[in-house]
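Letter by letter, the chains look like this.
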Amino acid sequence: MISPDEALQLIDDLAPVLGAETIPLFRSVDRVLAADIRARTALPLFDNSAMDGFALRAADLKDATPQNPVELTVLETVRAGATARLEVKPGEAARIMTGAPLPRGADSVVMVEATEAGADGKVRLAGATRARSHVRERGEDVAEGSVLLEKGALLRPYDVALLAAQGIVEVPVIRLPRVAVLATGDELVDHREEPGEGRIRNSNGPALLAALSRWGVPAEDLGIAPDEPAALRAVLSAALARADVLVVTGGVSVGDFDCTKSVFADLGLREVFWKVAIKPGKPLYFGALEAPGAPAKLAFGLPGNPIAALVCLEEFVRPALEKLQGYAPKHPSYHLSGAADNDYPKPADRRQYLFCRARPSAGGYALEIIRPQGSAMLGMASRANALALAPAGADRVRRGDVLGFRWLK
Ligand code: AMP
Ligand code: MG
């Protein structure tokens with residue numbers, strides 16, 4: 001048994017960052033840039049108004065006060081998307097809308113709320129203004145040629161906005177890993193079918209595929225395979241040719257018919273670890289297929305018990321998928337903390353992931369540890385809203401202990 005931190009380190013060491021591909025900008029959110037991107041143009045593209053108001057020459061308002069307002073002749077209205085026909089000369093102003101180009105001659109904008117109608121269609125101003133006020137200047141945000149985003153950046157909608165404003169329509173990003181998901185077990189039937197005597201529905205397949213789909217990772221559903229090495233080998237060897245990552249549930253324990261690990265070995269995968277000091281999920285297997293000149297392919301053998309399978313997917317498979325996509329490590333994250341409401345016994349030699357109901361309490365959170373917990377208890381997990389970490393070393397959680405937790409989303 002290795003510790004969960006050692007397991008994560010081994011996964012991180014072995015998972016390669018995949019190669020690059022070019023994709024449309026509008027599909028690039030949550031992807032990692034494979035190269036620096038430089039500004040093609042300055043932003044803003046041209047001097048423009050930050051307000052609805054009047055474009056004018058600040059010098060004209062030098063002496064304006066409420067007692068001694070200044071009136072300026074209004075030449076025209078400049079709308080966003082249009083350009084001014086006339087130059088603004090001393091004693092003149094142009095009505096201007098937000099985003100419209102600043103007319104020649106004008107150096108400042110006064111917002112409409114700070115003006116009044118004057119005589120003969122003029123505008124009356126009762127105070128001075130600074131030059132460039134409410135003017136968004138060409139290049140003040142982004143200078144042409146500057147580095148907009150660096151290789152390795154995780155693209156957010158803000159970055160998509162920046163690139164769109166630059167007219168960048170395609171971006172080089174790290175490609176997504178292809179994952180193949182297989183449920184094994186003689187007892188399993190597809191969840192759309194009626195289980196016969198002694199059989200159960202495959203809940204791991206739908207659960208794992210749902211999580212992968214939420215993470216934006218393309219996954220192939222390999223369905224169900226029996227506990228039969230030849231059948232398992234046939235499905236997995238075909239899938240290994242297409243996929244970067246195999247995720248198999250079931251058959252990794254010490255049962256008489258558990259054959260997942262031996263089939264992985266037959267397929268050339270090197271066992272990196274088997275058994276991690278966690279509960280649920282102890283029999284977790286991780287293997288790698290390393291071939292010269294090609295990125296390593298990874299295989300995870302998750303326990304068959306549905307809650308263990310999902311916890312292992314989130315805790316160990318997800319970090320691998322993120323590394324493959326070029327992310328800096330970010331999952332899982334237990335940055336919240338809460339005080340346990342109740343005692344709960346646990347194995348001292350393992351970290352336990354505890355399903356809890358978390359609620360705000362006294363400026364922090366209180367965690368009700370759901371009793372009982374079990375790696376096959378689907379109803380239990382569904383009632384939880386948080387997953388807390390109880391560290392290895394202690395044989396119980398005591399009421400009042402402060403535990404790290406994350407929301408179960
Ligand atoms: P195993 O890891 O193959 O020993 O399976 C452990 C437990 O998980 C057994 O009770 C299995 O019936 C159950 N199990 C295995 N695979 C699945 C699955 N895909 N969906 C639901 N339960 C499963
Ligand atoms: Mg089994």
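Residues numbered from 1 in each chain as written. Chains lettered and ligands numbered in written order. Predicted model: local features only at pLDDT ≥ 70, side-chain atom pairs only at ≥ 80, totals over all residues. Heavy atoms only, no water.

The nonpolar side chains of soluble globular proteins are, as a tendency, buried together. Core analysis: the biggest nonpolar cluster contains 48 residues, and V247, L298, F300, L302 and L321 have the highest contact counts within it. Counting residues per element, this core draws most heavily on helix α6 (residues 306-324), at 10 residues. Those residues in contact with V247, other than ones at most four positions away along the chain, are V179, A180, V181, L182, L208, F300, L302, L313 and V317. (Core = buried A, V, L, I, M, F, W, Y, C linked by side-chain atoms within 4.5 Å. Buried < 20%, exposed > 50% of the residue type's maximum accessible area, 1.4 Å probe, protein only. Helix = DSSP H or I, 4+ residues; strand = E, 2+ residues; numbered from the N terminus. Contact = heavy atoms within 4.5 Å.)

With an omega dihedral of -10°, the bond running from L43 to P44 counts as a cis peptide bond. Of note, the bond from R371 into P372 is cis; its omega dihedral lies within 30 degrees of zero at -10°. Secondary-structure assignment places P372 in the loop between β25 (364-369) and α7 (378-383). Of note, the phi angle at H134 is positive, near 60°, even though the residue is not glycine. Inspection of the secondary structure assignment puts H134 in the loop between β9 (123-125) and β10 (135-136).

A few words on the site of ligand 1. The full set close to ligand 1 counts 15 residues, and E187, N202, S203, G251 and G304 are the nearest of them. With respect to ligand 1, the side chain of E187 contributes an N or O atom lying 2.5 Å from an oxygen atom. One nitrogen or oxygen atom from the side chain of N204 is found 3.3 Å from a nitrogen atom belonging to ligand 1. When isolated, ligand 1 has an accessible area of 490 Å², and the protein chains bury 78% of it. Elements with a contribution of two residues or more to the shell around ligand 1: β13 (179-184) and β15 (200-201). Partitioning the shell around ligand 1 into residue classes produces four nonpolar, nine polar and two charged. (Near = heavy atom within 4 Å. Polar contact = N/O pair within 3.5 Å; in protein donor to acceptor, adjacent residues only side chain to side chain. Areas by Shrake-Rupley, 256 points an atom, 1.4 Å probe, with all protein chains shown as cover. Nonpolar A, V, L, I, M, F, W, Y, C, P; charged D, E, K, R; others polar.)

So, about the sheet that holds strand β16 (residues 219-225). Within the open sheet, the six strands sit side by side as β16-β13-β17-β21-β20-β18. Their pairing is mixed. This sheet does not close on itself; its edge strands, each paired only once, are β16 and β18 (270-274). Taken pair by pair, the neighbouring strands of this sheet meet at an average axis angle of 15°, ignoring direction. Pairing of β13 with strand β17 (residues 245-249) involves five bridges; the strand directions are parallel. Each bridged residue has a counterpart across the sheet, and for A183 the counterpart in β17 is T249. (Pairing = 2+ DSSP bridges. Axes fitted to C-alpha atoms, helices over the stretch in contact; angles between N-to-C directions.)

This brings us to the side chain of S108. Looking at the secondary structure, you find S108 in strand β7 (residues 108-111). S108 sits in the buried class, given a relative accessible area of 0%. A distance of 2.9 Å separates the side chain of S108 from the backbone oxygen of R130, its partner in a polar contact. If near-sequence neighbours (up to four positions away) are discounted, S108 is found in contact with F54, A55, L56, A58, T129, R130, A131, R132, S133 and V135.

Take the environment of D159 next. Among the structural elements, D159 can be located in helix α2 (residues 157-165). According to the relative accessible area criterion, D159 is buried, its value standing at 5%. Through-space distance from the C-alpha of D159 to that of L188 is 45 Å; in sequence the pair is 29 residues apart. Filtering out sequence-adjacent residues up to four positions away, D159 remains in contact with L149 and L154.

When its domains are assigned, the chain resolves into domain 1 (4-18 + 176-324), domain 2 (29-43 + 142-174), domain 3 (48-136) and domain 4 (336-407). Here domain 3 and domain 4 have C-alpha centroids that lie 63 Å from each other. (Domains from an automatic or database assignment.)

Within the fold, A128 resides in the loop between β9 and β10. Classification of A128 by relative accessible area gives exposed; the value is 56%. In this structure A128 touches L61, K62 and A64, once residues within four positions along its chain are discounted.

Here we take up the side chain of R175. Inspection of the secondary structure puts R175 in the loop between β12 (170-174) and β13. A distance of 3.0 Å separates the side chain of R175 from the side chain of D244, its partner in a polar contact. Once residues lying within four places of it in the same chain are set aside, the contact partners of R175 are L18, G19, A20, E21, R31, D244, L324 and Q325.

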